[in-house]
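Residue-level listing of the chains:
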Amino acid sequence: MTDQTVLSYLDENLLPFFFCPGCGHGMITEQLNAALVKLQLDPHKVVIVTDIGCSGLADKYFTTNAFHGLHGRSVTYATGIKLANPELKVIVLMGDGGCGIGGHHLINAARRNIGVTVIVFNNFNYGMTGGEHSVTTPMGGLTSSTPFGQLEKTMDICQTVAVNSASFTARTTSFEKSLPDMLAAAIQNEGFSLVDIWELCTAYYVPNNRFNKSMLLSSLDQLGFKTGILQHTPRAEYTQAYRESVALQAGKPAMPAHPIQARYRSDLDKRMGMVIAGAAGKKINSAASLFCRAAVLSNLWVSQRNDYPVTVKSGHSVSEVILSPEQIGYTGITKPEVLLLLFKEGLPAVKSQLDMMDEQGIVYANSELLPIHTRARVVPLGFKKSDTWAAKKEYWVIIALARLLLDTNFFPLDAFKEAVSGRAEFADNNLRAIEFALRLSA
Amino acid sequence: MRELMTGAQAIVRGAIDAGCDFFAGYPITPATDILLYMLHELPKVSGTAIQAEDEIASMGFCIGAAMTGKRVLTATSGPGISLYSENIGLAIMGEVPMVIVDVQRMGPATGGATTVGQGDIQFLRWGTSGGYPVVVLSPTNAPDCYNLTCRAFDLAERFRIPVFLATDKEIALTLVTVEEDELIRFPVRKRQVVSQENEFIPYKTSPTNQVPLFSPFGGSHLLRFTTSTHDEYGQLTKNPAKVRLLNERLASKVEDSIDEISLVKSDLVDGADILIISYGVTSLAVAEAVQIARQAGKRVSCLAVQTLWPVPEKEIRAALHGVRKVIVPELNLGQYRLEVERLVRDGVEVLGVNRVDGELISPQEILHQGGLL
Ligand code: SF4
């Protein structure tokens, strides 16, 4: 509400409208003004967002905020404005053309129930570009791009958003006397509203089809399209629902730092590249990052890059880990010092690295996958036969990493134990896996 | 103190520390991590984050939000940038501050979703109609992701432009150790706003400031925003004098401030006859190659370009001084090499080291192909 009564939201200096004589756009614009006068909204709290086409010229007449965007995208700008500042009344003016190219946004705005009001200036063709057919051109309709008549069915804009749970839909014509009331009701609805207003394009659709007001009314009947307020089922508006759903998050620290205090020492004196070759779903990446954490706890620098196919739960999963006493730049590993080969899925992904490795390298390999072709020293790991518990494949990687630490002492096993205890739900089993590795190597 | 983080985490932390309070995005490998972190983290600072119905809507939401005064971020990969394209133009025309992260993957089209690439470099510069300049920053490692995200917000707010952060799968998703003091909290300037008492003309500029003062939707002034050629008032115009002024200013407000925008990391040695120019993830291999070459007695300089666009010509020319060979390693078929080639003197050899197979360029490849060993 404003302090003083607003008599008009139109800039009188810019009138009369620039639309063609008899065009419905001027009528709708005037009726929208009447609706705003009725509602007495603060012009600073109103944003009129227009689409492309002749209807896109309408925002310039309003003494409110205005946003003129790209074709079909008006609903997205309106959504962004509303999301960012829910106290604003956001009104979209678009043509039937915008409903075609931006139909996806209309559907999703309705589903989302974002509190914007969409007013469709529906005249069955594209006025601005020369009278081409649109999604609402009646079948048989003659337009510049349907010279032999429209073959495609008329889109029911109200039904389209209604089946996607729009909280307010209405259909009428630009000739309707009560249009300001209908528009005011739409604007007052908290959620997503759409008003489909049928009107005449006197430059194209009218002359091309010898169309007139009575034909417009009769085509509504022929199609069985009802008029009036068709749906009004208020439900939680999106920005309100969002604010409620995130309310408990406010004030929590965002992206807090997780500093890692080095508590252990490592004797590693040079950069060491290792590759863990496994299968998806076998905790390769998460175990590798625990291993990295343990290395940082031991005052080392690390990098971990993961390789996996687009399918997350099948195929290979490979982690490349570098440990170094110094800062690491390049994170690639051409010739690894150590390779853990745990599952057959990983084998093809590391074949070239196995080929590159020489006698200095070590491969810890699941004994079931032996023999393999490499010059590196191969240490077999027998998981299955030793212990029924160790048959749980998702702990093999922890067992193998613990075994590696026992053999090489890159950093203390205690650092790894500390790292794997970080997440309570896995801590016990991770520690059991490490104990198992100790027994295995004893 | 040290931490473990990915480039994606560093970007999100940088954005939050830069005051970002709005995010909209659409899932795409390898940029999805940023979307997910933002959905979790922004509500903690009373911000809003949303997964939109597609990339076009993501940009639309961000643009609308930016014009209410929010500091906005979006993140995608190359195929998403294709869909962002029309709204990138709108953001340039309407003078919308925003930061757009491109976590590059291998292209074209869906290309390789989980493989690294640097193939969007020219696309980011020229990927919208009209050909107006944009700013593209490219971090060389995870701490740089943090630092350049802060810088990107600062430049976006200062010049009211879309600023890109061009990173890649490798930097965004590789977990690395970061020393906390490598993260530099660069102060982000506030968008210059018009005071409540003064008259507000949405696109009016002055001879001393080519960037129009701002007043948000819902503020004390009425804002008129348009993507069409407009006058100072934001009203559509075809008046040639006004159209020229607008179009020239959209370019000159960026180009005249190039010194403020240019960022490079240079490691130059006196009397070097070889210079390696790189950006992003490739710079890591270059640094290692240079170290090896210098140990072998070669005089090699290197320059990591952090501001890819506008091209930091002054800094590149300075680094080229006395050089007879330039090596430009890139994970594409030689896109930034084109920019280097136009800056070298006659007789200077410009050599590309390129890979488009989803693998990184190794230091050894640079040394061998560059004739440094
Ligand atoms: S072309 Fe059609 S829609 Fe456009 S102003 Fe003229 S009559 Fe109206």
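Structure: see above.
**Q** Break down the site of the ligand for me, citing the residues and quoting the values.
**A** Phe19, Cys20, Cys23, His25, Cys54, Asn123, Gly127, Cys201, Thr202 and Ala203 of chain A make up every residue found near the ligand. A per-class count over the shell around the ligand returns six nonpolar, four polar and no charged.

**Q** Talk me through the pairing of strand 3 (residues 48-51) of chain B; I want residue IDs and the actual numbers.
**A** All names here are of chain B. By the bridge criterion, four bridges tie strand 2 (residues 22-25) to strand 3 in an arrangement that is parallel. Within the sheet, the bridge partner assigned to Phe22 lies in strand 3 and is Thr48. Regarding the hand of the β-α-β motif, the stretch spanning strand 2, helix 2 (residues 32-41) and strand 3 is right-handed.

**Q** I'd like a description of the packing of aromatic side chains, backed by residues and values.
**A** All names here are of chain A. Scanning all chains against the criterion turns up 18 aromatic pairs over all chains. With 5.7 Å between their ring centres and 75° between their planes, Phe124 and Phe211 make a pair best called edge-to-face. Of this pair, Phe124 sits in the loop between strand 4 (116-122) and strand 5 (125-126) while Phe211 sits in the loop between helix 7 (205-209) and helix 8 (213-223), and the two are 87 residues apart along the sequence. With a relative accessible area of 1%, Phe124 lands in the buried category.

**Q** Pulling in residues and values, what's your account of the sheet that holds strand 1 (residues 2-5) of chain B?
**A** Reading across the sheet, the eight strands line up as 15(A)-14(A)-13(A)-10(A)-12(A)-11(A)-9(B)-1(B) and stay open at both edges, with mixed pairing between neighbours. Sheet topology places strand 15 (377-381) of chain A together with strand 1 of chain B at the edges, where each strand pairs with a single neighbour. Neighbouring strand axes in the sheet, compared pairwise and without regard to direction, differ in orientation by 20° on average. Of the pairings in the sheet, the one linking strand 1 of chain B to strand 9 (residues 175-179) of chain B comprises four bridges and is antiparallel in character. Across the sheet, residue Glu3 of chain B finds its bridge partner in strand 9 of chain B, namely Val178 of chain B. Strands strand 10 (272-279), strand 13 (338-341), strand 14 (362-366) and strand 15 of chain A of the sheet are contacted by helix 12 (residues 396-408) of chain A, whose axis makes an angle of about 145° with strand 14 of chain A.

**Q** Residues and numbers for the environment of Lys238 of chain B, please.
**A** All names here are of chain B. Along the chain, the position of Lys238 falls in the loop between strand 10 (224-226) and helix 8 (240-255). Look at Lys238 and you get exposed, because its relative accessible area is 77%. Considering only alpha carbons, one finds Lys238 and Ser228, ten residues apart in sequence, at a separation of 9.8 Å.

**Q** Outline the interface of chain A and chain B, listing residues and values.
**A** Contacts between chain A and chain B engage 66 residues on the former and 67 residues on the latter. Both faces considered, chain A and chain B share a buried interface measuring about 5500 Å² in area, 59% of it formed by carbon and sulfur atoms. For chain A, the biggest contributors to the area lost against chain B are Met255, Trp301 and Tyr330 of chain A; these three give 14% of the whole. Along the contact surface separating chain A from chain B lie five salt bridges. One salt bridge in this structure joins Arg224 of chain B and Asp59 of chain A, with 3.0 Å as the shortest N-O distance. Summed over the shared surface of chain A and chain B, the number is 27 residue pairs in polar contact (both at pLDDT 80 or more). Of all the secondary structure elements, the ones that give two or more residues to the side of chain A that touches chain B are strand 2 (65-68), helix 2 (74-84), helix 4 (103-112), helix 9 (238-246), helix 10 (284-297) and strand 11 (301-307) of chain A. Examining the composition of the side of chain A that touches chain B, we find that seven residues originate from one element, helix 2 of chain A, more than from any other. Where strand 11 of chain A meets strand 9 of chain B, two bridges bridge the pair, whose relative direction is antiparallel. Across the sheet, Gln304 of chain A pairs through a bridge with Leu175 of chain B, a residue of strand 9 of chain B.

Definitions and limits used
Residues numbered from 1 in each chain as written. Chains lettered and ligands numbered in written order. Predicted model: local features only at pLDDT ≥ 70, side-chain atom pairs only at ≥ 80, totals over all residues. Heavy atoms only, no water. Near = heavy atom within 4 Å. Nonpolar A, V, L, I, M, F, W, Y, C, P; charged D, E, K, R; others polar. Pairing = 2+ DSSP bridges. Helix = DSSP H or I, 4+ residues; strand = E, 2+ residues; numbered from the N terminus. Right-handed = clockwise from strand over helix to strand, strands pointing away. Phe/Tyr/Trp six-rings, centres within 6.5 Å; stacked < 30°, edge-to-face > 60°. Buried < 20%, exposed > 50% of the residue type's maximum accessible area, 1.4 Å probe, protein only. Axes fitted to C-alpha atoms, helices over the stretch in contact; angles between N-to-C directions. Contact = heavy atoms within 4.5 Å. Buried area = accessible area lost by both parts, 1.4 Å probe. Salt bridge = Lys/Arg side-chain N within 4 Å of Asp/Glu carboxyl O. Polar contact = N/O pair within 3.5 Å; in protein donor to acceptor, adjacent residues only side chain to side chain.

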